[in-house]
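Coordinate analysis (summary)
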Amino acid sequence: MQTELRDHLKSRLPVHAVPTYLIFLKKMPLNPNGKVDSPNLPFPDAALISEEASEEDLKRWETLSSTEKELAEQWATLINGVNAKTLQPESDFFETGGHSLLAQQLLLNIRMNMGTNLSISSLYSNSSLRALSTQIDRQREGKSDSGATEGGEAAYAQSLDKLLGSLDAKYQTADPAALSPAGKTTVFVTGATGFLGSYIVKDLLERENVHVIAHIRGTKGVSAALERLQKSLRGYSVWQDSWATRLSAVIGDLTQPRLGLDDDTWKMLGDAVDVVIHNGALVHWVKQYKHLERSNVLSTIDALRLCNQGKPKLFSFVSSTSVLDTDYYINLSQEQTSTGQGAVMEADDLMGSRSGLGTGYGQTKWVSEQLVREAGRRGLLGSVVRPGYILGDAATGVCNNDDFLIRMLKGCIQLSSRPHIINTINAVPVGHVSTVVVAASFNPVPAQTVNSNSGRGDVGAHVIHVTAHPRLRMNEYLSILSYYGYDVPEVDYDHWKAQLETFVSAGPVQKDEEQNALMPLFHMATNNLPTNTRAPELDDRNAVTVLKADADRWTGVDESAGEGISREAVGRFLRYLAETNFLAWPTKRGRELPAINADVIEAQAKWGVGGRGGVA
């Protein structure tokens, strides 16, 4: 019956909400007030609820290969209530109760017990018992899995070729000069409830006469949508009550056609909006391109289509330097910087990443960038803003504790050590990233004439690099922990990796007490982190251009010198994270953590903060 109930719930609930197993009760225990007495609900006992293998199951078990049997046993040790002998070749790891954290643990167990080092993307691509067993056998035979299609080209690159036909033949061209601080400017923002999105909304509303319409997902009405957005802004300590009259919301969904908006809302936005900032996306570092295409790529096409509805609009797309995560750009960066004068240019056509991008998220950003830049050749005027790591608010200390670099800090504190990695990291405070996004949205680089020689040059949509000034090395960043009194001596990366693997593979008692902060990114952290964190040097002259134009036309403040992460800023992050109980306090002699405003801590405790990884 459990299987039938679970199948029924899959049609009604999101995957993560489907119970792994069920307990049947004759009646619910109640407290004296007539409410369900939660503490007296029976705790699941895996030994009692594990399904018995039927005669048919046992016969099928004998037909499985030795690899499939061994892998089934590994599944059963991780997923409570699963009997290995009831698994079928088509059984899916995630549908039988696995999730992203167990996926990391499974890969470690496969490496330790089966002698095979699979990638996390391979597991997501081959999540059935038979498919994953085939990958294990292939690797044992010396064969490697590939993300290429039968034609030899990456699937995401082939997707771009098909999607280019989805773009409008021509886009309206907006005039930035028509917008000014003296007149009303209406901006439509997706992804407004996330960390960066909240700061974009804040920077917009700090400008008089700017009105913001936020795209909000999954609420019962507009009032609930506004309440959710304001809660996020309050939680990050960036809300002012005086802004309420200039902030409104529409309900939609990036995973649905036309951004999930109804006809009337779509028409209203077309008629009212002057600027579109498409910041929303599903951020997931292990899901495949095909699982992210609808929310991240097709939503970009829809946002571009909105620019042809009603009056002309300026357009900004928030991308990521993950589009540069290929050997091609690392090598190009080394060649350019060896001259002492060059770096990867914003005008680069990005064809060096047409293959070789390892994450589905980076692939979706690459495809979306190409679509926006092509729309720029067809009349659109706008920007592609490309930041690296987005860290906390350098002034207040407010952080997104789901960020990789923040998790690195906590993971090192938990392990009582930090790895020696000398790569530079392109990390910028969230406030500067949002400043660049808004500046690029209101003051795009002027349109260029078409390059008749190549036809690939940027015309109306230009890339804006957001790069740190100055950049820290990873070992410098992590050494700040010691500066402020955390007991984290530096060790070789291989030694640190072994410590992390030992922690993760420890018994359930230790893991239940405190899971390592790097567990969701365990495979990345243990799969040659010094190589995975390499970042090319970036030329950012377009960023300088839009920031200077913003100072001249809107703010009066020139932010074109850029910003980096200082030791004091990291100290504020640590103080915030300790005050909010995400981190332990320092235990050794060190400098006192910089003070932060008590109101910031109170706001986080009262309102909480928005998430990063969801589709806003």
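A quick note: this is a predicted structure, and the numbers were derived from the prediction, not measured. (Residues numbered from 1 in each chain as written. Predicted model: local features only at pLDDT ≥ 70, side-chain atom pairs only at ≥ 80, totals over all residues. Heavy atoms only, no water.)

**What about the side chain of Asn 126?**
Position of Asn 126 among the secondary structure elements: in the loop between helix 6 (120-125) and helix 7 (129-140). Among the polar contacts made by the side chain of Asn 126, one reaches the main-chain carbonyl oxygen of Ser 122 at a distance of 2.9 Å. Dropping the residues within four chain positions of it, Asn 126 is found in contact with Ala 131, Leu 132 and Gln 135. (Helix = DSSP H or I, 4+ residues; strand = E, 2+ residues; numbered from the N terminus. Polar contact = N/O pair within 3.5 Å; in protein donor to acceptor, adjacent residues only side chain to side chain. Contact = heavy atoms within 4.5 Å.)

**Examining helix 24 (residues 598-607)**
Three or more residues of helix 24 are buried, namely Val 600, Ile 601 and Ala 603. With its buried residues spanning 160° around the axis, helix 24 presents them on a single face. In helix 24, the exposed positions angled more than 90 degrees off the buried face are occupied by Glu 602, Ala 605 and Lys 606. Buried residues belonging to helix 24 abut helix 10 (222-235) and helix 23 (567-579). Structurally, the start of helix 24 carries an N-cap: the backbone nitrogen of Asp 599 is 2.8 Å from a side-chain oxygen of Asn 597. Looking one or two residues beyond helix 24, the residue adopting positive phi is Gly 608, at roughly 65°. (Buried < 20%, exposed > 50% of the residue type's maximum accessible area, 1.4 Å probe, protein only. Arc of directions from axis to C-beta.)

**A look at the pattern of salt bridges**
What the rule picks out here adds up to 28 salt bridges. Linking Lys 267 and Asp 271 is a salt bridge whose minimum nitrogen-to-oxygen distance equals 2.9 Å. Of this pair, Lys 267 and Asp 271 are both found in helix 11 (residues 263-272), 4 residues apart, which corresponds to roughly one turn of the helix. Where Arg 575 meets Glu 579, a salt bridge forms, and the shortest distance between an N and an O atom there is 3.0 Å. On the criterion of helical spacing, the pair formed by Arg 575 and Glu 579 is a turn pair, its members being 4 residues apart in helix 23. With a relative accessible area of 29%, Glu 579 lands in the partly exposed category. (Salt bridge = Lys/Arg side-chain N within 4 Å of Asp/Glu carboxyl O.)

**What to know about the packing of helix 4 (residues 66-78) against helix 7**
Two elements in contact, helix 4 and helix 7, have axes whose closest approach is 9 Å; the angle formed by their N-to-C orientations is 120°. Considering only the axes of helix 4 and helix 7, their crossing is right-handed. Together, Thr 67, Glu 68, Glu 70, Leu 71, Ala 72 and Trp 75 of helix 4 and Leu 129, Arg 130, Leu 132, Ser 133, Ile 136, Asp 137 and Arg 140 of helix 7 make up the contact between the two elements. Grouping the amino acids of the contact of helix 4 with helix 7 by side-chain chemistry returns 6 nonpolar, 2 polar and 5 charged. (Axes fitted to C-alpha atoms, helices over the stretch in contact; angles between N-to-C directions. Left-handed = near helix turned anticlockwise from the far one by under 90°. Nonpolar A, V, L, I, M, F, W, Y, C, P; charged D, E, K, R; others polar.)

**Observations regarding the confidence of the model for the protein**
Residues of the protein with pLDDT of at least 70 account for 88%, and the chain-wide mean is 88. Below a pLDDT of 50 lies the segment residues 507-513, which in the model reaches 5 contacts outside its immediate sequence neighbourhood of four places, other chains included. Across residues 610-616, confidence stays below pLDDT 50; counting only partners more than four residues off in sequence or on other chains, it has 28 contacts. (pLDDT = per-residue confidence, 0-100.)

**Things to note about unusual backbone geometry**
The omega angle of the peptide bond from His 469 to Pro 470 is -5°, so this bond is cis rather than trans. Along the chain, the position of Pro 470 falls in the loop between strand 11 (461-466) and strand 12 (472-473). Notably, Leu 350 is not glycine yet its phi reads approximately 70°, a positive angle. Residue position: Leu 350 is located in the loop between helix 13 (327-337) and helix 14 (360-377). The phi dihedral of Asn 581 is positive, around 65°, even though this residue is not glycine. Secondary-structure assignment places Asn 581 in the loop between helix 23 and helix 24.

**Here's the deal with the sheet that holds strand 1 (residues 185-190)**
Ordered in space as 3-2-1-4-5-6-11, the 7 strands form an open sheet in which the pairing is parallel. The open sheet has two edge strands with one neighbour each: strand 3 (247-252) and strand 11. Each strand axis lies, on average, 20° off the axis of its neighbour in the sheet, ignoring direction. As defined by bridge partners, strand 1 adjoins strand 4 (residues 275-278) across 4 bridges and the pair is classed as parallel. Paired with Thr 190 across the strands is His 278, a residue of strand 4. Sitting on the sheet, helix 12 (residues 289-306) touches strand 1, strand 4 and strand 5 (314-318), and the angle it makes with strand 4 is about 175°. Along the sheet, helix 16 (residues 430-442) contacts strand 1, strand 2 (210-217), strand 4, strand 5, strand 6 (382-387) and strand 11; its crossing angle with strand 5, the most-contacted strand, is approximately 150°. (Pairing = 2+ DSSP bridges.)

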